[in-house]
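Take a look at the letters that make up each chain.
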Protein chains: 2
Amino acid sequence: MRATTIHAPFDMRVEDVPDPVIQEPTDVVLRVLRACICGSDLWAYRGESARQPGQRIGHEFLGIVEAAGSEVTGFVPGDLVVAPFVWSDGTCEYCAEGLQTSCPRGGFWGSGGSDGGQGEAVRVPVADGTLVKLPAEAASDDRLLTALLALSDVMGTGHHAALGAGVRPGSTVAVVGDGAVGLCGVLAAKRLGAERIIALGRHTARTDIARLFGATDVVAERGEAAEAAVRELTRGQGAHGVIEAVGTEQSMRTAVAITRDGGSIGYVGVPHGSGTGLDLDVMFDRNIALRGGVAPVRAYIPELLPDILDGTIDPSPVFDLTVALDGVPTGYKAMDHRTALKVLIKP
Amino acid sequence: MRATTIHAPFDMRVEDVPDPVIQEPTDVVLRVLRACICGSDLWAYRGESARQPGQRIGHEFLGIVEAAGSEVTGFVPGDLVVAPFVWSDGTCEYCAEGLQTSCPRGGFWGSGGSDGGQGEAVRVPVADGTLVKLPAEAASDDRLLTALLALSDVMGTGHHAALGAGVRPGSTVAVVGDGAVGLCGVLAAKRLGAERIIALGRHTARTDIARLFGATDVVAERGEAAEAAVRELTRGQGAHGVIEAVGTEQSMRTAVAITRDGGSIGYVGVPHGSGTGLDLDVMFDRNIALRGGVAPVRAYIPELLPDILDGTIDPSPVFDLTVALDGVPTGYKAMDHRTALKVLIKP
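Chain A is annotated in an unreviewed UniProt entry as Zinc-dependent alcohol dehydrogenase family protein from Streptomyces wedmorensis. Word for word, the UniProt comment on chain A under Cofactor (unreviewed entry) is "Zn(2+)".

K.L.:
Give a description of the UniProt feature "domain: Alcohol dehydrogenase-like N-terminal" (unreviewed entry) in chain A that names residues and reports values.
P.N.:
Listed under "domain: Alcohol dehydrogenase-like N-terminal" (unreviewed entry) in the UniProt record, and renumbered for this structure, are residues 25-135 of chain A. The span residues 25-135 of chain A is 13% helix and 31% strand, and its two end C-alpha atoms sit 25 Å from each other.

K.L.:
Could you give an account of the sheet that holds strand β1 (residues 2-8) of chain B, with specific residues and numbers?
P.N.:
Strand pairing in a sheet is mediated by backbone hydrogen bonds. Such pairs are either parallel or antiparallel. Residues and elements named next belong to chain B. Here we have three strands laid out as an open sheet, ordered β2-β1-β4, and antiparallel in their pairing. Edge positions in the open sheet fall to β2 (11-16) and β4 (55-56), since each of these has one partner strand only. Sheet topology places β1 next to β2; six bridges connect them, and they run antiparallel. Residue pairing across strands places T5 opposite R13, the latter belonging to β2.

K.L.:
Explain the relation of the copies chain B and chain A to me, and be specific about the residues and the numbers.
P.N.:
Turning chain B through 180° and shifting it by 0.0 Å along the axis lays it on chain A, with an RMSD of 0.0 Å. Look at the turn and shift together and you get a two-fold axis relating the two. The rotation axis passes nearest to the C-alpha of B:L290 in chain B, at a distance of 2.6 Å.

K.L.:
I'd like a description of helix α8 (residues 223-233) of chain A, backed by residues and values.
P.N.:
Residues and elements named next belong to chain A. The complete set of buried residues in α8 reads A226, E227, A229 and V230. The buried residues of α8 occupy an angular sector of 160° when projected down its axis, which confines them to one face. Opposite its buried face, α8 presents the exposed residues E224 and E232, each directed more than 90 degrees away. Taken together, the buried residues of α8 touch β12 (196-200), β13 (217-219) and α9 (249-257). Looking one or two residues past α8, R235 carries a phi angle of roughly 50°, positive in sign.

K.L.:
Outline the sheet that holds strand β4 (residues 55-56) of chain A, supporting the account with residue identities and numerical values.
P.N.:
Residue and element names in this part refer to chain A. As summarised here, the arrangement of the three strands in space is β2-β1-β4, forming an open sheet in which the pairing is antiparallel. The two strands at the open ends of the sheet, each matched to only one other strand, are β2 (11-16) and β4. The pairing of strand β1 (residues 2-8) with β4 spans two bridges and is antiparallel. Within the sheet, the bridge partner assigned to T5 lies in β4 and is R56.

K.L.:
Tell me what's going on with the interface of chain B and chain A, and back it up with residues and numbers.
P.N.:
Contact with chain B, which involves 33 residues of that partner, is made by 33 residues of chain A. Across the chain B to chain A interface the summed buried area is about 2900 Å²; carbon plus sulfur atoms make up 54%. A per-residue breakdown of the area chain B buries against chain A is headed by B:L280, B:F284 and B:N287, which together make up 25% of the total. At the junction of chain B with chain A, the criterion picks out six salt bridges. Residue B:R235 is joined to A:E93 by a salt bridge in which the shortest nitrogen-to-oxygen separation is 2.8 Å.

K.L.:
Lay out the UniProt feature "domain: Alcohol dehydrogenase-like C-terminal" (unreviewed entry) in chain A in plain terms, naming residues and giving numbers.
P.N.:
UniProt records the feature "domain: Alcohol dehydrogenase-like C-terminal" (unreviewed entry) for residues 180-305 of chain A in the present numbering. Between the end C-alpha atoms of residues 180-305 of chain A the distance is 18 Å, and the span holds 46% helix and 21% strand.

K.L.:
Explain the domain arrangement of chain A to me, and be specific about the residues and the numbers.
P.N.:
Residue and element names in this part refer to chain A. For chain A, the domain assignment lists domain 1 (2-153 + 296-346) and domain 2 (157-292). Centre-to-centre, using C-alpha coordinates, domain 1 lies 27 Å away from domain 2. Taken residue by residue, the interface counts 19 residues in domain 1 and 18 residues in domain 2. Contact between domain 1 and domain 2 buries roughly 1600 Å² in total, counting both sides, with carbon and sulfur atoms accounting for 65%. The largest per-residue losses of area from domain 1 upon contact with domain 2 belong to Y300, R338 and L341, which jointly make up 33% of the total buried on that side. There are three salt bridges connecting domain 1 and domain 2. Taking the shortest distance from any N to any O, the salt bridge between D307 and R191 comes out at 2.6 Å. Across the contact surface, domain 1 and domain 2 share six residue pairs in polar contact (both at pLDDT 80 or more).

K.L.:
If you had to explain the packing of helix α6 (residues 180-191) of chain A against helix α7 (residues 204-213) of chain A to someone new, which residues and values would you point to?
P.N.:
Residues and elements named next belong to chain A. Put simply, α6 and α7 touch, their axes get as near as 8 Å, and they point 15° apart. Regarding the angle of α6 to α7, the classification is roughly parallel. The element α6 and its partner α7 pack so that their crossing is right-handed. Only R206, I209, A210 and F213 of α7 make contact with α6, whose side of the interface consists of L183, C184, V186, L187 and K190. The residue makeup of the contact of α6 with α7, split by class, is seven nonpolar, no polar and two charged.

K.L.:
Give a description of helix α12 (residues 328-336) of chain B that names residues and reports values.
P.N.:
What α12(B) keeps buried is the set B:V328, B:G331, B:Y332, B:A334, B:M335 and B:D336. Summarising the contacts, the buried residues of α12(B) are in contact with β1, β2, α1 (41-45), β17 (321-324) and β18 (343-346) of chain B.

K.L.:
Explain the packing of aromatic side chains to me, and be specific about the residues and the numbers.
P.N.:
Residue and element names in this part refer to chain A. All told, the structure shown has 12 aromatic pairs over all chains when counted by the stated rule. With centroids separated by 5.0 Å and ring planes inclined at 75°, the aromatic side chains of F61 and W109 adopt a geometry described as edge-to-face. One end of the pair, F61, is in strand β5 (residues 61-68); the other, W109, is in the loop between β8 (107-108) and β9 (121-124), and 48 residues separate them in sequence. Accessibility classification places F61 together with W109 in one group, the buried group. Taken together, the ring pairs in this structure connect F10, Y45 and Y332 into an aromatic cluster. For R46, the ring lying beneath its charged end belongs to W43, and the centroid distance is 5.5 Å.

K.L.:
Which residues make up the pattern of salt bridges, and what are the values?
P.N.:
Scanning all chains against the criterion turns up 45 salt bridges over all chains. The partner of A:R34 in a salt bridge is A:D142, and the shortest N-O contact between them spans 2.4 Å. Of the two residues, A:R34 is situated in strand β3 (residues 28-36) and A:D142 in helix α4 (residues 142-149); the sequence distance between them amounts to 108 residues. Take A:D142: its relative accessible area is 40%, and that puts it in the partly exposed class. Between B:D217 and B:R196 there is a salt bridge, with its nearest N and O atoms 3.0 Å apart. Residue B:D217 is located in strand β13 (residues 217-219), and its partner B:R196 is located in strand β12 (residues 196-200); the two are separated by 21 residues in the primary sequence.

K.L.:
Lay out the packing of helix α4 (residues 142-149) of chain B against helix α11 (residues 297-309) of chain B with the relevant residues and their values.
P.N.:
In a packed pair of helices, the relevant descriptors are the angle between the two axes and the axis-to-axis distance. All names here are of chain B. Where α4 meets α11, the axes come as close as 10 Å, and the angle between the chain directions of the two elements is 160°. On the basis of the axis angle, α4 is roughly antiparallel to α11. For α4 against α11, the interelement crossing comes out right-handed. The residues of α11 that touch α4, namely those facing L144, A147 and L148, are L305, I308 and L309. Split by residue class, the contact of α4 with α11 holds six nonpolar, no polar and no charged.

K.L.:
Now, about the environment of B:L131: what can you tell me, with residues and values included?
P.N.:
Residue and element names in this part refer to chain B. Tracing the backbone shows L131 in the loop between α3 (127-130) and β10 (132-133). On a C-alpha basis, the gap between L131 and G78 in space is 14 Å, while along the polypeptide they are 53 residues apart. Each residue touching L131, except ones within four places of it in the same chain, is listed here: V28, L30, F75, V81, V82, A83, V124 and R298.

Cut-offs used in this document
Residues numbered from 1 in each chain as written. Chains lettered and ligands numbered in written order. Predicted model: local features only at pLDDT ≥ 70, side-chain atom pairs only at ≥ 80, totals over all residues. Heavy atoms only, no water. UniProt positions renumbered as here; feature names shortened; annotations may be inferred. Helix = DSSP H or I, 4+ residues; strand = E, 2+ residues; numbered from the N terminus. Pairing = 2+ DSSP bridges. Least-squares fit on C-alpha atoms with pLDDT ≥ 70 in both. Buried < 20%, exposed > 50% of the residue type's maximum accessible area, 1.4 Å probe, protein only. Arc of directions from axis to C-beta. Contact = heavy atoms within 4.5 Å. Buried area = accessible area lost by both parts, 1.4 Å probe. Salt bridge = Lys/Arg side-chain N within 4 Å of Asp/Glu carboxyl O. Domains from an automatic or database assignment. Polar contact = N/O pair within 3.5 Å; in protein donor to acceptor, adjacent residues only side chain to side chain. Axes fitted to C-alpha atoms, helices over the stretch in contact; angles between N-to-C directions. Parallel < 35°, antiparallel > 145°, perpendicular 65-115°, else oblique. Left-handed = near helix turned anticlockwise from the far one by under 90°. Nonpolar A, V, L, I, M, F, W, Y, C, P; charged D, E, K, R; others polar. Phe/Tyr/Trp six-rings, centres within 6.5 Å; stacked < 30°, edge-to-face > 60°. Lys NZ or Arg CZ within 6 Å of the ring centre and 35° of its normal.

Shown next, in the form of structure tokens:
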């Protein structure tokens, strides 16, 4: 079969790899119907996180079960399923608590020796704990299938950020980051009842989606001007909750500055850079909390799925470029140059 | 009257100062019955936080109302009252939410131009919002009066830390810091139903109080050895909640290391030092939250007071040295040399 591999920074290839087979009785082999490129994949693409030459990549996908190991009880060939961005056994203490990202048997797609999602098929370990079944009829609804793909990462990550930011009915929420996760954070905050949602962003193509998702205000300024703008919109106080969906020192600094005293930052941007951007003196004096991290999206799929199925939320607009598998390298380039927000892959 | 003043690092004096008088109709003048020295006062004492020569000091006190301004409705002369370590108007948005430390009309005792608690009397601004009445009979109960004094700071701060650490019935909690706040954190965690409380500390005089307050385990090791010891006590996982009651880079580093995935650090140690001690990559991967800051103890007094009155909790053992007002300089020295845990002042 064919799959995406990374050989060096900016050197993405789509090449022949061995077909996945059942290796453990708890495995499933899944034929990929939809996959996509994540903002965090760009760290590997740009060489900011190291990869072995030839390593597989992609951690967001859904598809059809092609084969199931002898101990798999939840899935049979033909099932339509979505995979969260880490696999997890579903039976350990952490999985039981909804923190599947800390499962000792868990792992990240594309990490050494495992399959990545940006290919024709994937071997899924501990499939019963990992996969979630989708209604079969969704397979024939192109828009819905794309929306459901967001459950594998960005929608659940946006939800995790909104929970970390403590969004409640009536909250004022600010969102730092206009990527797909930030936009899904807007959607999640709206879903949780936020009354006012301030999206920080300068690209109208993106802020238009933010408005579509429920943003009531857009702040196009950057740095201190952005902080002042948010303060002006919030009677000088800042937002009850701030979603930090970038992961840089500067974005965290902005998040701290625009959080209201007693409020929370829900951070889901993968941290990179040498400093944290956290001014602990300020956070201490103002009782600002920091919550978040790598999102246990597996825990959120059962809650978010019905809302996508019935149209309450529709994250599909975050996908603004579609490629076939051979177009994946072009997709990376487009996201790296910010000409695409998020690239959908139809293998 | 006489009050404590700070003139330079290590130069504490007890000297004559003007008697406080009602300046605003919302003021109360309070005769101090009990005051004490806080670990955070030592930062001024050691010159690590700047003070003007002659500045007043002390932010923990209780006493008898001596005079009340014309607009004070809640108190009359003769009332026994306790003051939290900041004053606050009780009417603003933040006060209504229980975040009195962010009250725009609030302030910290001993800050420029205000009275400090380590003296014979104090002018209390916005008294209706600030003070809390205590039962008159407590004035004749020496042990109880001492316990009630802890409501002005350490007991409420320990409670804030326990809330920040997310302590729930059945939780495992670790406490970094064996000062009065850390010990009150143990007491607060016990009160909130923690099943296992691991106190980190090497001084048996202090860890004995920790055990009295509810610590089930004591870890005397430091640094990495302490981290290993906590992990061993928690099946390798760490504690659900960690109370950080020191405020140094090293103590925060320890707190992060011993928090279980998905857990929280409740931090109340005033941050000092150049770095935060926060490894954001680790916190991100393990979904560790950071909550806390300067404790709005005014919000907690109504909740904690009945439990002190009925003996459910008794923080009085944290006071292990008593001095008269003239003995305050000696008290600072004792706390600085760690020969005293917390010094009680009977003016």
